[in-house]
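The chain contents come next:
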Amino acid sequence: MGCGHSHHVGYHPKLLGRSESGKARPASESEGPKLESFVVIRVLRADLLRSFDAYGKMDPFAGVEWHQEGTRKEIARTRIDWNADMHPHWDHTCRGQPFKMASNAMVEFQVMEGNVIGRPSFCGAAQISIGDLAPEPTSEVGTATGPVLKLELKLASGPTCEPELTGHVFVQALMVQTSVLGRGKTPGLSRVDEGLFEGPIERLGVSGGSAAFFKLHLKPGSGRPRDYFIGKDLSHAEDEVTFYEEALALKRQPGVAGLGPLLSYTLEYAGVLTNTEETSAGEKKTELLVMRNLRCGSSKHRFLDIKIGQKTAQAGWQGKSRVAALRQSMVDGITNSSCEGFRLEGFDGRPPALESMDPLLDLGMTGNAKMAKKALRVMLQRMPAAEMLLHWLDLHQEPSDVPNEKMKLQLCTTEVAEIVCHEAVRSLCGLAVACRRSPVPQKWIGSSVGLGFDSGRLPQRKGGEEEVRKSTLVCIFDWGRSELNTMNKHMQLSEKDQLDRGEFWRYYMGGIDRLAWEAARAYQHRFSCSKWSLLTFKVCDFDSMSENDFIGRLCVPVEETPETCADLNSKDGNHVVGDYGWRGSATLTYSITWRPFPQPSRLKGAWRVHLIRAQHLPRQDKMQLRTTSDPMCEITACAADPKGLLCLRQVSSVKVRHLDPEWGETFDLPVANAEDSHLHEALEGAAGGLGSCGDVFLAEKIPTWIREQIFPQGMHGRSSSRWSWSENNLDNEALDRALDTWKARLDLASATVSPSSGARCREVAVAEHGQMAAPGEKHKIMMEEHRTGAIEAAVLSELDARSHKAGSAEEPSLVAVGAEDAIPVLSPPVMIERKGIHQSCWELSGCAACIPSS
């Protein structure tokens, strides 16, 4: 939309503090908007009890039929979930259907198995009345989300035979109330009063794309901070202004067309401002998009720009050429987008440890700023979520920590990081639930999620928590290739276009779900431990173009330790020596102290690990014809927990070309109060019922020594079973199960109509395939329950069997935790401290091997 073809609409009074009093309202609006009701059905997944394929894995899909007044029509058909076998996941949103009170309509769900040759195989069907499926309509504009229902799939084998139960299908319905007012109107540009801002404006530069940003200053008396807004050059942002104006128009409508929870995460937008810019050629009139300044009030803003979706471009969409889309698909394939559904595009305010990791170090091109910027972007794009959150929460070097004598007056860095992570978990989980409450799928290609907070200062303890939470931002932005879909627009799309919107909405939701899961996992493993047990120092040689080279490691118990110099050990337990031994054994100097936090702190305290220095390290840069290394230290703390194994990993800065690095860095191991459950509070704050998900967050990184102790090399001369700790088998299986359970619980938590507590079921009339249920014949439909149980990487079946045979009362049996309809999970390894043995000696699930203290 060009600014020359737009008409004047007026400034946005709500955002800029203006009053709407005195404005005349249309008569139709004063009488209340006329409402229309639609039912939107979501087909989530299915669990089949047997295979309907002759060989190989099944490729199921589902069809949805609407039965009313003797007629039946197909309203949706999901995609084929290839090789999903008996557990397909569709997450399909059907076309909205008009709803009237006292409707006798029935909905039938048919699950089919797609065949390459021949007709699809019928797997079963379930019917339910629309009155039992959809929540009750309200008298207000908006969306009501019903609970997830589990329907029985039946297959009639004959006219006289009892129908066979072949599985279950999980569905959900949304009741959408829309207003007919304003339908079909295209919003123009909302103009911002130029007199509200000081002039002339100042150019800040380009961030990421081609549009320049400008510094804006509000005049006194606006009721907002002076730098609350920022300007974006409209001439290079015409592809975004349409989205912002449509979102602004929807926010002015009652109910926000059912998109209120989702649009609440968008950047605050005020309209278009015309102001004067001073250039070398004189003054120049510039039109700007006026939006929220994310750096407002921050002394040093740390911000992550995370691009969402495993597919971030489509040829022919919003002016994207085939060549550009092909190039973008190649970027998607080699970055974290193809692995976790998102990638890191920008990192402002990076911590010193990350700044020290030069991406061109191995190439020796440290002086080329242009090349370094491109290499840094590639490094960030390939960074997994656990790594990006590790650096985002890293405050061990900046800002300077509070001395012990001032702890009662000021928050320390660990407390600030905990509050920031807690707020991010709550907001990201709320965003994941808001996506599920959208009545129609969105096509948001290449849009981003922003995570930010002020990392430049430590607030006072009194009122500090509220200040930190206020500065923590979770927002969605970058709408250059996005479309704001509404119920009215979606009803006019063809079936092909609707499937296209559904495909890209699954990409977007998948990325949001994974990001929320990663944030919750980071919180659990960093801030939920009440007793740390073992600490591992792992010294590596940093390599920018390949995996870091292992130098040595040191395992010590977490306890008060004065300054100690200990030898580093190799992977096979031998001492590490430098330069063939003539420089002596490689050593690491460290100390550990306890630091209690004053009450009422959210944490009990923290173990302070002081990484002092390393000496006599071997040289690892021989391929670069150097006689040095680039050492860094990775610190991993582990602990046993009823929910599974907890692992906290932190990294030091890189000391370039050193064999005797001096770090002088201090790392905190936060210790939580045993009675606190802050993660549960954050999840429940996002959506009711989500707090029971504390068992789905696997350890981010398992130290090597734990895997070796669980399954020692060559035990009994047998090879690893399929349940061993291997990156390709068990870790991936456990991760997939954890993510599937997480998404299922997000679906449950998205219901705005909450079922009553306990095992709740409703009796509804269910029809078998091809025939209606007889009058009075009822079948029970169980609400899918919240399930608890440990989902963690499993131990070997051999060790479990051996511990059972031993019959020892001190060693607990490790039994797989399962529940009805739960995604199969495996129990975690349990750490038990052995009495009467050195404190650094531990026993893992019946394995009698000990971990050496040095």
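Residues numbered from 1 in each chain as written. Predicted model: local features only at pLDDT ≥ 70, side-chain atom pairs only at ≥ 80, totals over all residues. Heavy atoms only, no water.

Peer 1: Can you walk me through the overall build of the protein chain in this structure?
Peer 2: If you tally the helices and strands in the protein chain, you get 17 helices and 33 strands. Evaluated residue by residue, the protein chain yields a buried proportion of 55% over its 854 residues. Here the analysis covers contacts within the protein chain between residues at least 6 apart in sequence; of these, 73% occur between residues at least 24 apart. As displayed, the protein chain offers around 37,600 Å² of accessible surface, 51% of which is attributable to carbon and sulfur atoms. (Helix = DSSP H or I, 4+ residues; strand = E, 2+ residues; numbered from the N terminus. Buried < 20%, exposed > 50% of the residue type's maximum accessible area, 1.4 Å probe, protein only. Contact = heavy atoms within 4.5 Å. Areas by Shrake-Rupley, 256 points an atom, 1.4 Å probe, with all protein chains shown as cover.)

Peer 1: Please clarify how the nonpolar core should be interpreted in this entry.
Peer 2: Nonpolar side chains in soluble globular proteins tend to end up buried together. With 111 residues, the main nonpolar core has Trp392, Val425, Val449 and Trp742 as its most contacted residues. At 14 residues, the largest contribution of residues to this core is made by helix 10 (residues 413-436). Not counting the four nearest positions on each side in its chain, Trp742 is found in contact with Cys429, Asp513, Ala516, Trp517, Leu683, Leu690, Cys693, Val696 and Phe697. One finds Leu48, Ala76, Val111 and Leu153 within the second-largest nonpolar core, a separate group that totals 34 residues. (Core = buried A, V, L, I, M, F, W, Y, C linked by side-chain atoms within 4.5 Å.)

Peer 1: How should I be thinking about the sheet that holds strand 27 (residues 631-641) in this particular structure?
Peer 2: Hydrogen bonding along the main chain pairs the strands of a sheet, whether they run parallel or antiparallel. Here we have four strands laid out as an open sheet, ordered 23-22-27-28, and antiparallel in their pairing. Looking along the sheet, the strands with just one partner apiece sit at the ends: strand 23 (549-557) and strand 28 (644-651). For this sheet, the mean angle separating the axes of adjacent strands, direction not counted, is 20°. (Pairing = 2+ DSSP bridges. Axes fitted to C-alpha atoms, helices over the stretch in contact; angles between N-to-C directions.)

Peer 1: Explanation requested: the sheet that holds strand 25 (residues 587-596) in the structure shown.
Peer 2: Within the open sheet, the four strands sit side by side as 24-25-26-29. Their pairing is antiparallel. Both outer strands of the open sheet, strand 24 (561-567) and strand 29 (662-671), are each paired with one neighbouring strand and no more. When the angles between neighbouring strand axes are averaged without regard to direction, this sheet yields 20°. Direction of pairing for strand 24 relative to strand 25: antiparallel, over a ladder of five bridges. The residue bridging Asp567 from the neighbouring strand is Thr587, located in strand 25.

Peer 1: Can you walk me through helix 11 (residues 464-471) in this structure?
Peer 2: Within the span of helix 11, buried status applies to Gly464, Val468 and Arg469. Along helix 11, the residues classed as buried sweep out an arc of 135° about the axis, all on the same side. Exposed and facing more than 90 degrees away from the buried side of helix 11 are Glu466 and Lys470. Lining the buried residues of helix 11 we find helix 10. (Arc of directions from axis to C-beta.)

Peer 1: Would you mind showing me how to read the pairing of strand 27 here?
Peer 2: In regular strands, side chains alternate between the two faces of the sheet. Most of strand 27 sits inside the fold, with nine of its eleven residues counted as buried. As paired strands, strand 22 (residues 534-541) and strand 27 are joined by eight bridges and run antiparallel to one another. Bridged to Leu534 within strand 27 is Cys638. The loop that links strand 27 with its antiparallel partner strand 28 comprises two residues.

Peer 1: Would you mind showing me how to read the packing of helix 10 against helix 13 (residues 495-527) here?
Peer 2: Relative orientation and spacing of two packed helices are given, respectively, by the angle between their axes and the distance between those axes. Following both chains from N to C, one finds helix 10 and helix 13 inclined at 155°, their axes separated by 9 Å at the closest point. Relative to helix 13, the element helix 10 is oriented roughly antiparallel. In this structure, helix 10 crosses over helix 13, and the sense of that crossing is left-handed. The residues of helix 13 that touch helix 10, namely those facing Thr414, Ala417, Glu418, Cys421, His422, Val425, Leu428, Cys429, Leu431, Ala432, Cys435 and Arg436, are Trp505, Tyr508, Met509, Ile512, Asp513, Leu515, Ala516, Ala519, Ala520, Ala522, Tyr523 and Phe527. (Parallel < 35°, antiparallel > 145°, perpendicular 65-115°, else oblique. Left-handed = near helix turned anticlockwise from the far one by under 90°.)

Peer 1: How should I be thinking about the confidence of the model for the protein chain in this particular structure?
Peer 2: Interpreting fine coordinate detail is not advised for predicted regions of low pLDDT. The share of residues in the protein chain with pLDDT of 70 or more is 78%, and the mean pLDDT across the chain is 79. Predicted confidence is poor over residues 1-31, with pLDDT under 50, and the contacts of this stretch with residues over four places away or in other chains come to 49 contacts. Low pLDDT, under 50, characterises residues 754-854; the stretch is placed with 224 contacts to residues that sit more than four places away or in other chains. (pLDDT = per-residue confidence, 0-100.)

Peer 1: Explanation requested: the packing of aromatic side chains in the structure shown.
Peer 2: How two aromatic rings sit relative to each other is set out by the distance from centre to centre and by the angle between their planes. Throughout the structure, instances matching the rule amount to 17 aromatic pairs. Relative to Trp479, the ring of Phe243 has its centre 4.2 Å away and its plane inclined at 10°; by these criteria the two rings are stacked. Here Phe243, found in helix 3 (residues 238-252), pairs with Trp479, found in the loop between strand 20 (473-477) and strand 21 (481-483); they are 236 residues apart in sequence, far enough to count as distant. Judged by its relative accessible area of 3%, Phe243 falls in the buried class. (Phe/Tyr/Trp six-rings, centres within 6.5 Å; stacked < 30°, edge-to-face > 60°.)

Peer 1: What is the right way to read helix 13 from this model?
Peer 2: Along an α-helix, residues three or four apart share an orientation, since each turn contains 3.6 residues. Over its 33 residues, helix 13 extends 47 Å from the first C-alpha to the last, a length consistent with the 48 Å expected when each residue adds 1.5 Å. Of all 33 residues that make up helix 13, 25 are buried, and the element is covered over most of its length. (Expected span 1.5 Å × (residues − 1).)

Peer 1: Explain the pattern of salt bridges to me, please; I cannot follow it from the model alone.
Peer 2: A side chain of one charge can pair with a side chain of the opposite charge when the charged atoms of the two come close. Inspection of every chain in the model, using the stated rule, returns 48 salt bridges. Between Glu277 and Arg203 there is a salt bridge whose closest N-O contact spans 3.0 Å. Of this pair, Glu277 sits in strand 14 (residues 269-279) while Arg203 sits in strand 11 (residues 202-206), and the two are 74 residues apart along the sequence. Of the residues examined, Glu277 reaches a relative accessible area of 4% and is grouped as buried. Owing to a relative accessible area of 43%, Arg203 belongs among the partly exposed residues under this scheme. (Salt bridge = Lys/Arg side-chain N within 4 Å of Asp/Glu carboxyl O.)

Peer 1: Please clarify how the side chain of Arg45 should be interpreted in this entry.
Peer 2: Summarising the element assignment, Arg45 is placed in strand 1 (residues 35-48). Accessibility expressed as a relative area gives 6% for Arg45, which makes it buried. Here the side chain of Arg45 touches Asp47 through a polar contact of 3.0 Å, side chain to side chain. (Polar contact = N/O pair within 3.5 Å; in protein donor to acceptor, adjacent residues only side chain to side chain.)

Peer 1: What am I meant to see in the pairing of strand 15 (residues 282-292) here?
Peer 2: Direction of pairing for strand 13 (residues 229-233) relative to strand 15: antiparallel, over a ladder of five bridges. Bridging from a neighbouring strand, Lys232 pairs with Leu289 of strand 15. Two elements, strand 14 and strand 15, share ten bridges in a ladder whose sense is antiparallel. In the strand pairing of strand 15, Thr279 is matched with Gly282. Counted along the chain from strand 14 to the antiparallel partner strand 15, the turn is two residues long.

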